[in-house]
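Analysis of the macromolecular model
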Amino acid sequence: MRGTVLITGASSGIGAALAAEFGRHDFKLILTARNAVALQQVSEALPAGSQQATIVTADLETTGGVDALIEAIPGPVDVLVNNAGSVLYGSLSDQDPEEIEHLLALNVVAMTRLTRHYLPRMLARNSGMILNVASVAGFQAVPAMDLYAASKAYVLSLSESLAEQVRGTGVSVTALCPGITKTPATDHLVDDLPEFLVSAPESVAEAGFKALMAGDVICVPGRVNQGLLAVGDLPPRAIVRRTLGLASKLGALIIPSQKVP
Ligand SMILES: NC(=O)c1ccc[n+]([C@@H]2O[C@H](COP(=O)([O-])OP(=O)(O)OC[C@H]3O[C@@H](n4cnc5c(N)ncnc54)[C@H](OP(=O)(O)O)[C@@H]3O)[C@@H](O)[C@H]2O)c1
């Protein structure tokens, strides 16, 4: 057994694929999300030889939910995977204020509070790993999904700062930055996109796991995503921003303005 991993948002998509990946590599799994039935299904579908997973249901959009999750886990957590996240498309001016709070509570506050809880404990043991699921959307402004991109820029920036703070301590922090990945969150979008732009959650999870084990600070899975980011790095930031702004205004990035379940 290689240690205990706590995976948030493990009931579907990238989180479920990460559960399978850690299960395959002999980690003891603690899986959390709100949907107990879906978590149970993920647990039952773990690769042969995986240890039995512990399931803890928690709503991480609430302070009480984060506290309850922490309280429900008795022993040390060797690997923390902050994966749970939600998406809002469209403009901040059109968003329901409550939906904004939900997104920030999950994408920003919950991962920060879980990291604040587990990181000092890892440092005290000189051992531990944190995998934060950000996004390629965190590298630049994305006017078609402003709030989501800003939340992922936060995850990326915090991960990079922490990774440098803990360098040489036996603890590492990795930001996993997937591009568009076929999950329940994107099911309604990806069918219209060219296949080469869409990753499978299993390949994202495999890349994230490898990067975590290697102690990499940033992992962008897939050559297409790496290429797009490299091209985006070439022109001045203002040009990239204006291009993405224009693209969203022209409807090149038409995405329904709705929260994806
Ligand atoms: N799919 C993509 O294209 C893509 C690209 C880049 C980054 N990402 C990031 O990857 C991560 C996983 O996304 P995904 O695409 O795999 O989405 P998904 O399939 O919708 O999974 C989201 C997970 O978060 C959990 N969750 C949602 N609200 C929660 C809450 N209030 N409390 C606790 N858990 C909650 C969901 O479980 P319950 O509903 O059971 O609570 C589910 O397990 C997110 O951080 C996302 O931003 C996704």
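Quick note: structure is the one above.
To keep things clear, this report deals only with the structure shown in the data block. If you're wondering where the values come from, they're calculated on a predicted model, not measured in any experiment. (Residues numbered from 1 in each chain as written. Predicted model: local features only at pLDDT ≥ 70, side-chain atom pairs only at ≥ 80, totals over all residues. Heavy atoms only, no water.)

**Considering the packing of helix α1 (residues 13–24) against helix α7 (residues 201–214)**
Rule in force here: Axes here refer to lines fitted to C-alpha atoms; in helices the fit is confined to the stretch in contact. Angles between the N-to-C directions go from 0 to 180 degrees. Numbering of helices and strands runs from the N terminus; a helix is a DSSP stretch of H or I covering at least four residues, while a strand is a stretch of E covering at least two. In these notes the angle categories are as follows: under 35 degrees is roughly parallel, over 145 is roughly antiparallel, 65 to 115 is roughly perpendicular, and the rest is oblique. A crossing counts as left-handed when the near helix is turned anticlockwise from the far one by less than a right angle, and as right-handed when that turn is clockwise. Residue contacts follow a heavy-atom distance rule, with two residues in contact if any of their heavy atoms lie within 4.5 Å. As a working rule, the residues Ala, Val, Leu, Ile, Met, Phe, Trp, Tyr, Cys and Pro are called nonpolar, Asp, Glu, Lys and Arg charged, and the rest polar, with Gly in that last group.
Following both chains from N to C, one finds α1 and α7 inclined at 55°, their axes separated by 8 Å at the closest point. Classified by the angle their axes make, α1 and α7 are oblique. When you trace α1 past α7, the crossing you get is right-handed. From α1, Gly-13, Ile-14, Ala-17, Leu-18, Glu-21 and Phe-22 reach across to α7, where they touch Pro-201, Glu-202, Val-204, Ala-205, Glu-206, Phe-209, Leu-212 and Met-213. Classifying every residue of the contact of α1 with α7 by side-chain character gives ten nonpolar, one polar and three charged.

**Overview of the packing of aromatic side chains**
Operational definition: Whether two aromatic rings pair depends on their centres lying within 6.5 Å, for rings of Phe, Tyr and Trp, where Trp uses its six-membered ring; planes under 30 degrees apart make the pair stacked, over 60 edge-to-face, and the rest tilted. We call a residue buried when its accessible area falls under 20% of the maximum for its residue type, exposed when it is over 50%, and partly exposed in between, using a 1.4 Å probe and counting protein chains only.
Counted according to the given criterion, the structure contains three aromatic pairs. Seen in terms of ring centroids, Phe-27 and Phe-209 are 6.1 Å apart; in terms of plane orientation they differ by 85°. Their pairing is edge-to-face. Residue Phe-27 is found in the loop between α1 and β2 (28–33), and its partner Phe-209 is found in helix α7; the two are separated by 182 residues along the sequence. Both residues of the pair, Phe-27 and Phe-209, count as buried. Feature note: the residues Phe-22, Phe-27 and Phe-209 constitute an aromatic cluster, connected by ring pairs.

**Some points on the site of the ligand**
We count it as follows: Near, as used in this document, describes a residue that has one of its heavy atoms within 4 Å of the molecule or strand being considered. Identification of polar contacts relies on pairs of N or O atoms within 3.5 Å, with a donor-acceptor requirement for protein atoms, meaning one able to donate a hydrogen and the other able to accept it, and with residues adjacent in sequence counted only if both atoms are side-chain atoms.
Around the ligand, the surrounding shell holds 31 residues, and the nearest of these are Ser-11, Arg-34, Asn-83, Tyr-148 and Thr-183. For the ligand, an oxygen atom lies 2.7 Å from a polar atom in the backbone of Asn-83. When residues of the shell around the ligand are traced back to their parent elements, those giving at least two are α1 and α5 (146–165). Of the residues in the shell around the ligand, the class split is 15 nonpolar, twelve polar and four charged.

**Some thoughts on the pairing of β2**
Put simply, the rule is: Whether two strands pair comes down to DSSP finding at least two bridges between them. Crossover handedness is defined by viewing with both strands directed away from the observer: a clockwise path from the first strand over the helix to the second marks the crossover as right-handed.
Burial of β2 is extensive: five of the six residues sit out of reach of the surface. Where strand β1 (residues 4–8) and β2 come together, five bridges link them in parallel fashion. Considered in β2, the bridge of Thr-8 is made with Thr-32. Where the polypeptide runs from β1 across α1 and back to β2, its parallel neighbour, the crossover connection is right-handed. Across four bridges, β2 lies against strand β3 (residues 54–57) in parallel orientation. Paired with Ala-33 across the two strands is Thr-57, which belongs to β3. The handedness of the β2 to β3 crossover, carried by helix α2 (residues 36–44), is right-handed.

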